Amino acid sequence: MMEPLIFDYTGLQRVRLGATVQESLAAELAGLPKARVFLVVSGTLSRQTSLVDDLRQVLGDRLASVFDVMGAHSPRRDVLNALSQARAVDADIILTVGGGSMIDAGKVIQFCLNAGIEQEAELLEFAQFSNGSRGALCGTEPVLRRQSPVYQIAVPTTLSAAEFSNNAGVTDSDKRAKEGYKAPGLAPRQIIYDPALTLHTPTWLWLSTAIRALDHAVEGYCSMDSHAYAQGHFLHSVKLFAESLPAMKANPADLAARALNQQATWLAGTGLGRIRHGASHGIGYILGAMCGVPHGYTSCVMLPAVLRWNEPENAARQQQIGRALGCDENNTADFLRDWLRRLELPVSLREVGVTADQLPAIAAAAAQHNVVKANPRKIASADDVMEILQLAW
């Protein structure tokens, strides 16, 4: 008899794909003439395109304020500054346009506004820290302080899939460490995918965050928590990426390929925050916080190495992933590394600027991380992590 299965959905209500962000946003807000929208947008889109003016034409007086200085990896000080600005305008909706840093920041702003959290110390009570320690209230759901909860509408311009998770990652820039927050309904309520808007995203960022999403699918498929419902989504995500990423690389203006990239990300987002990942994600968090490596690049570098190290534990699952990628042989890790090279993405720690003298500290920090501890092949110590880092070196 099978073990009982429970799958919790997020608060996501709707995904729109294919129309312009202006058309989709107008439809989403048609019945909300008095909503106060707080826009968190990437600096590049704000300062180098007409997007903010375009959105202002759609939103009119509903656009209460704009925050466009969110740093990479959602620095806590930037999140708190944005929170203060959102509170000052009494925001009803957090509209995030950009990558995972904007979306995760939007989640924390939403969390704090709904819970009445104003001070940094109050927020940290709910944190899960990368060294395994926790705030006193971590894992609890705060009391809702608003009659009508603030919610997020996300317009992703990368493929990190942060929009599908009830988790949010924030960086303590002083300690160069990541902290996590989780609560029911923290994921955006609506997602708008506009393939044309992503033409502003640098190709390296688009491709590398696609590998981040691929990492969600691969480690999700191999997870000890995985099951048939999720695995079907994950394998088809891998197949779509295998078909559509090379097409997008060959012709970055191919909006149909970009739309398939977004749908592959959608599939890969199944179970984010509910199905545990492994060492590729966990070490990636450390590389991002400690070494400043973009999360897309962390997956490019770590996923083949982790697959190689995990092979004694899950070779059969890896072969299924390999077939979805188009690999006719048994060595999925090597095939994936070669495939990434053909996409002109980095495949070693040296290529992303990590130095040999940083490896012991990375290994020590990663060995304490809860996500690393959930790896399918048990990681017992920093020495095990060092073996993986050497494979990625």
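Residues numbered from 1 in each chain as written. Predicted model: local features only at pLDDT ≥ 70, side-chain atom pairs only at ≥ 80, totals over all residues. Heavy atoms only, no water.

**So, the overall build of the protein**
Here is step 1: A count of helices and strands for the protein gives 15 helices and 9 strands.
Here is step 2: Relative to a compact globule of 393 residues, whose C-alpha radius of gyration would be 21 Å, the protein shows 20 Å and is just as compact.
Here is step 3: The principal-axis extents of the C-alpha atoms in the protein amount to approximately 60 × 50 × 50 Å.
Here is step 4: When the 393 residues of the protein are sorted by exposure, 56% land in the buried category.
Here is step 5: In the protein, the share of contacts with a sequence separation of at least 24, taken over all contacts with a separation of at least 6, comes to 78%.
Here is step 6: Accessible surface for the protein amounts to roughly 16,200 Å². Of this, 50% is attributable to carbon and sulfur atoms.
Here is step 7: Each charge sign in the protein was given a centre, from 35 positive and 39 negative side chains, and these centres are 2 Å apart. (Helix = DSSP H or I, 4+ residues; strand = E, 2+ residues; numbered from the N terminus. Rg over C-alpha atoms; globule rule 2.2 N^0.38 Å. Buried < 20%, exposed > 50% of the residue type's maximum accessible area, 1.4 Å probe, protein only. Contact = heavy atoms within 4.5 Å. Areas by Shrake-Rupley, 256 points an atom, 1.4 Å probe, with all protein chains shown as cover. Lys, Arg positive; Asp, Glu negative; His and termini not counted. Charge placed at Lys NZ, Arg CZ, Asp CG, Glu CD.)

**Here we look at helix α5 (residues 100-115)**
Here is step 1: End to end, α5 covers 22 Å across 16 residues, agreeing with the expected 22 Å (1.5 Å per residue, within 8%).
Here is step 2: When you tally the buried positions in α5, you get 16 out of 16 residues, the bulk of the element. (Expected span 1.5 Å × (residues − 1).)

**Observations regarding the sheet that holds strand β4 (residues 93-98)**
Here is step 1: As summarised here, the arrangement of the 6 strands in space is β1-β9-β6-β4-β2-β3, forming an open sheet in which the pairing is parallel. Looking along the sheet, the strands with just one partner apiece sit at the ends: β1 (14-17) and β3 (63-67). Taken pair by pair, the neighbouring strands of this sheet meet at an average axis angle of 15°, ignoring direction.
Here is step 2: With 5 bridges joining them, strand β2 (residues 37-41) and β4 adopt parallel strand pairing. Bridged to leucine 39 within β4 is leucine 95. (Pairing = 2+ DSSP bridges. Axes fitted to C-alpha atoms, helices over the stretch in contact; angles between N-to-C directions.)

**So, the packing of aromatic side chains**
Here is step 1: For the coordinates displayed, the defined rule picks out 4 aromatic pairs.
Here is step 2: On the basis of an interplanar angle of 70° and a centroid distance of 5.4 Å, the ring pair of phenylalanine 7 and tyrosine 229 is categorised as edge-to-face. Residue phenylalanine 7 is found in the segment before β1, and its partner tyrosine 229 is found in helix α8 (residues 228-250); the two are separated by 222 residues along the sequence.
Here is step 3: Tyrosine 229 sits in the partly exposed class, given a relative accessible area of 37%.
Here is step 4: For the pair tryptophan 204 and tyrosine 297, a centre-to-centre distance of 5.2 Å together with 40° between the ring planes defines the contact as tilted. Pair noted here: tryptophan 204 is in helix α7 (residues 203-222) and tyrosine 297 is in helix α11 (residues 295-325), with a separation of 93 residues, a long-range link.
Here is step 5: The exposure class assigned to tryptophan 204 is partly exposed, which follows from its relative accessible area of 39%.
Here is step 6: An aromatic cluster of three or more residues is present, and its members are Phe7, Tyr9 and Tyr229.
Here is step 7: Stacked on the ring of phenylalanine 335, the Lys or Arg arginine 342 has its end atom at 6.0 Å from the ring centre.
Here is step 8: One cation-aromatic arrangement involves arginine 377 over tryptophan 309; the distance from NZ or CZ to the ring centre is 3.8 Å. (Phe/Tyr/Trp six-rings, centres within 6.5 Å; stacked < 30°, edge-to-face > 60°. Lys NZ or Arg CZ within 6 Å of the ring centre and 35° of its normal.)

**Some remarks on the sheet that holds strand β5 (residues 128-129)**
Here is step 1: In spatial order, the strands read β5-β8-β7; together these 3 strands make up an open sheet with antiparallel pairing. The open sheet has two edge strands with one neighbour each: β5 and β7 (167-172).
Here is step 2: Across 6 bridges, the pairing between β7 and strand β8 (residues 177-182) is antiparallel. Bridged to valine 170 within β8 is glutamate 179.
Here is step 3: Where α5 meets the sheet, it contacts β7 and β8, and its direction lies at approximately 100° from that of β7.

**Re helix α4 (residues 76-88)**
Here is step 1: An ideal rise of 1.5 Å per residue puts 18 Å on 13 residues; α4 measures up with 18 Å between its terminal C-alpha atoms.
Here is step 2: Listed as buried for α4 are Arg76, Asp78, Val79, Leu80, Ala82, Leu83 and Ala86.
Here is step 3: Lining the buried residues of α4 we find β2, β3, α5, α6 (120-124), β7 and β8.
Here is step 4: Just downstream of α4, aspartate 90 is the residue with a positive phi angle, here 55°.

**Notes on the nonpolar core**
Here is step 1: Core analysis: the largest hydrophobic core is formed by 64 residues, its most contacted members being Ile283 and Met302.
Here is step 2: Every element with two or more residues in this core is listed here: α7, α8, α9 (255-268), α10 (279-291), α11, α12 (332-342), α13 (359-367) and α15 (382-392).
Here is step 3: The dominant element in this core, judged by the number of residues it contributes, is α11, at 12 residues.
Here is step 4: Setting aside chain neighbours within four positions, we find methionine 302 in contact with Ser280, Ile283, Leu287, Leu349, Ile388, Leu389 and Ala392. (Core = buried A, V, L, I, M, F, W, Y, C linked by side-chain atoms within 4.5 Å.)

**Examining unusual backbone geometry**
Here is step 1: The phi dihedral of histidine 73 is positive, around 65°, even though this residue is not glycine.
Here is step 2: Structurally, histidine 73 is set in the loop between β3 and α4.
Here is step 3: Histidine 73 sits in the buried class, given a relative accessible area of 14%.
Here is step 4: Although it is not a glycine, serine 74 adopts a positive phi angle of roughly 50°.
Here is step 5: With respect to the helices and strands, the residue serine 74 is situated in the loop between β3 and α4.

**Here's the deal with the pattern of salt bridges**
Here is step 1: What the rule picks out here adds up to 19 salt bridges.
Here is step 2: Across the salt bridge formed by aspartate 90 and arginine 146, the nearest N and O atoms sit 3.6 Å from each other. A residue pair is termed long-range when its members are at least 10 positions apart, and aspartate 90 in the loop between α4 and β4 and arginine 146 in the loop between β5 and β6 (151-156) qualify at 56 residues.
Here is step 3: A salt bridge links lysine 107 to aspartate 104; the nearest nitrogen and oxygen atoms lie 3.5 Å apart. With lysine 107 and aspartate 104 both in helix α5 and 3 residues apart, this pair spans about one turn of that helix.
Here is step 4: Since its relative accessible area comes to 0%, lysine 107 is described here as buried.
Here is step 5: Residue class for aspartate 104 comes out buried when judged on its relative accessible area of 13%.
Here is step 6: Beyond isolated ion pairs, a larger network of salt bridges with shared partners links Arg36, Asp90, Asp92 and Arg146. (Salt bridge = Lys/Arg side-chain N within 4 Å of Asp/Glu carboxyl O.)

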